[in-house]
There are 2 protein chains.
Amino acid sequence: MKSTPTPAATQMDKPHPCDVCFQSKFCLPIGLPQAEMGRIRDVIQATVRVQKGETLFSAGQPMTKVYSVHAGSFKSYVTSPDGREQIVGFHIPGEMMGLEGLGQHTYFTDTVALEDSEACEIDLRALETTTRDLPSLQHQLHCIVGNKLVRAQQDQFSLGSMHADERLARFLLDLSERFKARGLSPDEFVLRMSREEIGSYLGLKLETVSRLMSKFHSAGLIHVAQRQIRITDRRALAELLMPQT
Amino acid sequence: MKSTPTPAATQMDKPHPCDVCFQSKFCLPIGLPQAEMGRIRDVIQATVRVQKGETLFSAGQPMTKVYSVHAGSFKSYVTSPDGREQIVGFHIPGEMMGLEGLGQHTYFTDTVALEDSEACEIDLRALETTTRDLPSLQHQLHCIVGNKLVRAQQDQFSLGSMHADERLARFLLDLSERFKARGLSPDEFVLRMSREEIGSYLGLKLETVSRLMSKFHSAGLIHVAQRQIRITDRRALAELLMPQT
DNA sequence: CGTTGATTTGAATATCCTCAACGTGCGTGG
DNA sequence: CCACGCACGTTGAGGATATTCAAATCAACG
């Protein structure tokens, strides 16, 4: 399954897509010394292909790797003893998955591809060793987990304090921003997840999500055709998040 | 404000209370070489006293330190642009605060003492430097952030998939476990936060929390007298979390 | 004691959910 | 190429859960 055959150093000019997660604007700026970039790349072991619906890793499994999305998209969900599932995150290219296993060395979520996708494997041992040598990589890792924690807190806010329509608006705007950060169109994109999956993530039922999509559509905030979304009135969508105005 | 005057090495026999967060059962077992323990202690700079209601750090502030609770308790909350507040966590002795700032070097929550409390300051630079030299400390830090991420996902499950009574039951059982892990009674304890604060954390209104406390009380699950709680039927409380049984 | 803030309790309401029916798009196979 | 079936999505009506508003009670503290 190894699909990174060329030594890292030879492709310095053309960044490997997996570097994205180490170069996000929130973290280190691009432009590290080449030697360091080479070593950072070396912790990326291989690229695995995962078909739509297939599981990348499961809760309870011993954890030896973290992953970054190379192409496609994934969902992560937790399952309670009585079988209820809650999606705790969607992942698009450049984002890391599996970090919550850092402590127990056990995955805590089931992570499944939403479409045919590819993920980069990063060996945990190699990552830990290399971060010790390479302060810039250490900092990068801290950035990533810090931002994961921030995102989790934002999700908590959404679930705990926002109304259904605000949650959906935030979801759409957040996705839009993330696409933009990856160089994709922020205004027009395809949802890779079902209404039910969106609902699970937002703590809503699929019917509620559907109703709100229709409501946003007829209010002229977005154009919806199945999973194809176009944001037509970003400002109004953003204003939903500030109810008093 | 410095209240750790004695060199770390001289008090090896009697662990400093702040070590707890570096020795949790979920992370490294106690019993590191003394030299390492000494260096780990050295990253703990000082102990700050915070009076009830005072702020330890605020969202948006530049972040140079993380903190661990030495004594007392804290709440962390996020505030939206329109002024709504959502408590995203309570912290008891041995737990770390401020880690979500790792990425942006900016705090993302307001963290406030629920009672007169003490927190240990840990300089971020010192922590980063020392973790590079000390694999055991690096691993410890990874454990802590990993467990933070797991906890955040559990909170997301609670907020997104559980009913009000289940959320409160989980809250009480979770607190109970954390007290137990710190050597305190798991069955009888004092809530340091108001009904409103519990409600904020659980995504409920204070009246709902109050009603459920009363309901649990009359159902014989717990004994409630203001903020004094005694868990009288742990099993029944736990069964609330598995609705089908 | 009287004031203040926190908590409890009640009644009416709103939001979101459940159940159910219907529509739409897409792939498969005739 | 069209028809069928199936998964997904939409829409409606009624109901449940948690909220809002309001009032009463309790505890702490000067």
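All values reported here derive from a predicted model rather than from experimental measurement.

A.B. asks: I would appreciate a short explanation of the packing of helix 4 (residues 164–181) of chain B against helix 5 (residues 195–202) of chain B in the present structure.
C.D. replies: Two quantities define a packed helix pair, namely the angle between the axes and the distance from one axis to the other. Residues and elements named next belong to chain B. In the contact formed by helix 4 and helix 5, the axes pass within 11 Å of each other and the chain directions differ by 110°. With respect to their mutual orientation, helix 4 and helix 5 come out roughly perpendicular. The residues of helix 5 that touch helix 4, namely those facing R167, L168, R170 and F171, are I198, Y201 and L202.

A.B. asks: So what exactly am I meant to see when it comes to the sheet that holds strand 4 (residues 74–79) of chain A here?
C.D. replies: Two pairing modes exist for strands in a sheet, parallel and antiparallel, and in both the strands are linked by backbone hydrogen bonds. All names here are of chain A. Spatially, 2-7-4-5 is the arrangement adopted by the four strands of the open sheet, whose pairing is antiparallel. Of all the strands in the sheet, the pair left with one neighbour each is strand 2 (55–57) and strand 5 (85–91). Across the sheet, the mean angle separating the axes of adjacent strands is 30° when strand polarity is ignored.

A.B. asks: I tried to follow the nonpolar core on my own but got confused; where do I start?
C.D. replies: A general tendency of soluble globular proteins is for nonpolar side chains to be buried together. Among the nonpolar cores identified, the biggest contains 58 residues, and L56 and L99 of chain A together with L56 and L99 of chain B are the most heavily contacted of them. Of all hydrophobic cores here, the second largest spans 35 residues; its members include I87, F90, F157 and F216 of chain B.

A.B. asks: Would you mind going over the packing of helix 2 (residues 124–133) of chain A against helix 3 (residues 135–161) of chain B with me for this structure?
C.D. replies: For the pair helix 2 of chain A and helix 3 of chain B, the least separation of the axes is 11 Å and the interaxial angle reads 115°. Crossing handedness for the pair helix 2 of chain A and helix 3 of chain B: right-handed. Here helix 2 of chain A contributes E128, T131 and R132 of chain A to the contact with helix 3 of chain B, which in turn contributes P135, Q138, H139 and H142 of chain B. Tallied by class, the residues present in the contact of helix 2 of chain A with helix 3 of chain B amount to one nonpolar, four polar and two charged.

A.B. asks: Please clarify how the interface of chain A and chain B should be interpreted in this entry.
C.D. replies: Reports often express the size of an interface as the amount of accessible area lost when the parts come together. If you look at the interface, chain A gives 50 residues, while chain B gives 50 residues. Of the roughly 4,400 Å² buried at the junction of chain A and chain B (both faces included), carbon and sulfur atoms supply 60%. Linking chain A with chain B are two salt bridges. Between R84 of chain B and E166 of chain A there is a salt bridge whose closest N-O contact spans 2.5 Å. At the boundary of chain A and chain B, one finds 22 residue pairs in polar contact (both at pLDDT 80 or more). Of all the elements in the fold, those that place two or more residues in the side of chain A that touches chain B are strand 5, helix 2 and helix 3 (135–161) of chain A. Examining the composition of the side of chain A that touches chain B, we find that 21 residues originate from one element, helix 3 of chain A, more than from any other.

A.B. asks: Honestly, the protein's contact with DNA strand D in this entry has me stumped. Any pointers?
C.D. replies: Taken together, 17 residues form the shell around DNA strand D, and within it S210, R211 and S214 of chain A together with A164 and T208 of chain B come nearest. Among the atoms of DNA strand D close to the protein, meaning within 4 Å, 64% are from sugar or phosphate groups. K205 of chain B is positioned with one of its backbone polar atoms (N or O) 3.3 Å from a phosphate oxygen of DNA strand D. A distance of 3.3 Å separates a base nitrogen of DNA strand D from a polar atom in the side chain of E207 of chain B. Elements with a contribution of two residues or more to the surface near DNA strand D: helix 6 (206–218) of chain A together with helix 6 (206–218) of chain B. Looking at the surface near DNA strand D, the element that brings in the most residues is helix 6 of chain A, giving five residues. Looking at the surface near DNA strand D residue by residue, the classes come out as three nonpolar, seven polar and seven charged.

A.B. asks: Where do I start with the pattern of salt bridges in this structure?
C.D. replies: When charged atoms on two side chains of opposite charge get close, those side chains can pair. Within this structure, the stated rule accounts for 25 salt bridges over all chains. We note a salt bridge from E95 of chain B to R178 of chain B, for which the minimum N-O separation is 2.9 Å. Of the two residues, E95 of chain B is situated in the loop between strand 5 (85–91) and strand 6 (96–97) and R178 of chain B in helix 4; the sequence distance between them amounts to 83 residues. Look at the salt bridges and you will find they share partners, linking E95, R151, D174 and R178 of chain A into a network.

A.B. asks: Explanation requested: the domain arrangement of chain A in the structure shown.
C.D. replies: Residues and elements named next belong to chain A. Taken as a whole, chain A is organised into domain 1 (34–156) and domain 2 (163–240). Using C-alpha coordinates to define each centre, domain 1 is positioned 25 Å away from domain 2. Opposite the 18 residues of domain 1 that make contact, domain 2 presents twelve residues. When the buried surface of domain 1 facing domain 2 is broken down by residue, F90, I92 and R151 rank first, second and third, together holding 40% of it. Scanning the region where domain 1 abuts domain 2 turns up five salt bridges. Between E197 and K75 there is a salt bridge, and its shortest N-O distance comes to 2.8 Å. Looking at the side of domain 1 that touches domain 2, the elements with two or more residues in it are strand 5 and helix 3. If one sorts the elements of the side of domain 1 that touches domain 2 by residue count, strand 5 sits on top with seven residues. Class assignment of the residues belonging to the side of domain 1 that touches domain 2 gives a composition of six nonpolar, six polar and six charged.

A.B. asks: It is not clear to me how the pairing of strand 5 of chain A should be interpreted in this structure. Could you clarify?
C.D. replies: Consecutive residues of a regular strand have side chains that alternate between opposite faces of the sheet. All names here are of chain A. With respect to burial, strand 5 is a largely interior element, six of its seven residues being buried. Here six bridges tie strand 4 to strand 5, and the two strands are oriented antiparallel to one another. Each bridged residue has a counterpart across the sheet, and for Y77 the counterpart in strand 5 is I87. In textbook terms, the turn of a hairpin is the stretch between consecutive antiparallel strands, and for strand 4 and strand 5 this stretch comprises five residues, one of which, G83, has a positive phi near 100°.

A.B. asks: Just checking my understanding: could you explain the confidence of the model for chain A for this structure?
C.D. replies: In regions of low pLDDT, the predicted coordinates are not meant to be interpreted in detail. Residue and element names in this part refer to chain A. The share of residues in chain A with pLDDT of 70 or more is 83%, and the mean pLDDT across the chain is 86. Per-residue pLDDT stays below 50 along residues 1–15; that stretch engages in 21 contacts with residues further than four places along the chain or on separate chains. Note that residues 23–30 has pLDDT below 50 and, in this model, 16 contacts with residues that lie over four places away or in other chains.

Rules and cut-offs
Residues numbered from 1 in each chain as written. Chains lettered and ligands numbered in written order. Predicted model: local features only at pLDDT ≥ 70, side-chain atom pairs only at ≥ 80, totals over all residues. Heavy atoms only, no water. Axes fitted to C-alpha atoms, helices over the stretch in contact; angles between N-to-C directions. Helix = DSSP H or I, 4+ residues; strand = E, 2+ residues; numbered from the N terminus. Parallel < 35°, antiparallel > 145°, perpendicular 65-115°, else oblique. Contact = heavy atoms within 4.5 Å. Pairing = 2+ DSSP bridges. Core = buried A, V, L, I, M, F, W, Y, C linked by side-chain atoms within 4.5 Å. Buried < 20%, exposed > 50% of the residue type's maximum accessible area, 1.4 Å probe, protein only. Left-handed = near helix turned anticlockwise from the far one by under 90°. Nonpolar A, V, L, I, M, F, W, Y, C, P; charged D, E, K, R; others polar. Buried area = accessible area lost by both parts, 1.4 Å probe. Salt bridge = Lys/Arg side-chain N within 4 Å of Asp/Glu carboxyl O. Polar contact = N/O pair within 3.5 Å; in protein donor to acceptor, adjacent residues only side chain to side chain. Near = heavy atom within 4 Å. Domains from an automatic or database assignment. pLDDT = per-residue confidence, 0-100.

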